[in-house]
Amino acid sequence: RKNLEYISTGVRSLDDLLEGGVEVGSITELIGEFGAGKTQICHQLAVMVQLPKEKGGLNARALYIDTEGTFRPERIIQIARAKQLDPEKALENIIYARAYNSDHQMLLVDEAKKYIESQNIRLIIVDSLINHFRAEYPGRENLASRQQKLNRHISQLHRLASLYNLAVVVTNQVMSSPDIFFGNPMKPAGGNIMAHGCTYRIWLRKAKEGKRIARIIDSPKHAEKEVAFAITEDGVTD
Ligand code: ATP
Ligand code: MG
C-alpha cells in the first residue's frame, strides 16, 4: 500500500479518530445537524493545509467552494493566529468561490483543474455539497435526476482527488424533518449515492456544555469509536 498523506485537523481527538487526519486522495464527508461544527472544521482545515508537513499540513493552499455563504474571513484570521500563521497570507492561500446553484457548483469543480497544480491546491472543500441539489430537485419525482447529477459531481471530485493527489472535504446537513426522499430523518441526505460516494463519513453532533462528538460511520478501515472536541475562539480544539 502506498504511503498515505494526511492533513491534520489540528485537533488531537479528531486526528485519532481519522487515524492521522483528512486523507489525501479521498473524499471525507462531515455529516451533522445545524451548528454541529461542519463549517468550523472546514475553516480550520483550510488553514491547516497551509502548515508545513511537520506541523500536520501539506505546505499548500485550499480551494473553498461555499454554497451557503457561510465562509467568514475573520474566522480564518482567528484560526491562523492561533496556529502562528500570518493571517493575511493565510487568507490569500484560500481560493474562495461562491457557488450560486448546482450547475455553477459543478462548473467550479470542473474549472478547478486548470489551476490546481499552478496554485498548489491540496485541499478542496465543498460546504455544503448538496443544499443546491436538494433545493433544485425537490420531492420524489426528481429523485432520479437529482441522484444522477449528484453522482456525477461526486465522481468529478473523486477524479480530482486521485489525479492531483489532494484531499476533498464535503459537508452534509442532516435533515431535521423527515426527508420524503430518504425516509429516515436520521439518515444523512444524499441516500445511497452519498453513502457509497464518499470515502470516509464523520458524524458530528452537539453534546452537553457546548461539547461536540464525532464518530466515523461505516468505515472498513477505522475502529468504531467516538471522540469529543470543542469549538473556541482559537478554532476547533480538543
Ligand atoms: P449548518 O448545518 O447550519 O451549516 P454547521 O455544522 O456548519 O451547521 P458550524 O457553523 O460549523 O455548524 O458551527 C457553528 C457553531 O460553532 C456555533 O453555534 C458556535 O457554537 C460555534 N462557534 C463558531 N464560531 C465560534 C467562536 N468564534 N467561538 C466559539 N464558538 C464558535
Ligand atoms: Mg455550515
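Residues numbered from 1 in each chain as written. Chains lettered and ligands numbered in written order. Predicted model: local features only at pLDDT ≥ 70, side-chain atom pairs only at ≥ 80, totals over all residues.

**Student:** What's the story with the UniProt feature "binding site: ATP" (unreviewed entry) in the protein chain in this structure? I'm lost.
**Tutor:** In the numbering used here, UniProt assigns the "binding site: ATP" (unreviewed entry) feature to G32, E33, F34, G35, A36, G37, K38 and T39. Tracing the sequence through the fold places G32 in strand 3 (residues 27-32). Residue G32 is classed as buried on the basis of its 22 C-beta neighbours within 10 Å. Dropping the residues within four chain positions of it, G32 is found in contact with G37, K38, V174, W203, L204 and R205. For G37, the position within the fold is in the loop between strand 3 and helix 2 (38-48). (UniProt positions renumbered as here; feature names shortened; annotations may be inferred. Helix = DSSP H or I, 4+ residues; strand = E, 2+ residues; numbered from the N terminus. Buried ≥ 20, exposed ≤ 12 C-beta atoms within 10 Å, placed from the backbone. Contact = placed C-beta atoms within 7 Å.)

**Student:** Before we go on, may I ask you to explain the confidence of the model for the protein chain in this structure?
**Tutor:** Parts of the prediction with low pLDDT should not have their coordinates interpreted in detail. When pLDDT is averaged along the protein chain, the result is 91; 90% of the residues meet or exceed 70. In this model, residues 176-186 is a region of pLDDT below 50 whose contacts with residues beyond four sequence positions or in other chains number 14 contacts. Predicted complex, confidence summary: ipTM 0.99, pTM 0.93. (pLDDT = per-residue confidence, 0-100.)

**Student:** Looking at this structure, how should I read the nonpolar core?
**Tutor:** In globular proteins that are soluble, nonpolar side chains generally tend to be buried together. Core analysis: the largest hydrophobic core is formed by 63 residues, its most contacted members being L45, A46, L123, I124, I125, V168 and V169. Considering every element that reaches this core, the biggest residue donor is helix 2, with six residues. Those residues in contact with V168 that lie beyond four places of it in its chain are I27, I124, L157, L160 and A161. (Core = buried A, V, L, I, M, F, W, Y, C linked by C-beta atoms within 7 Å.)

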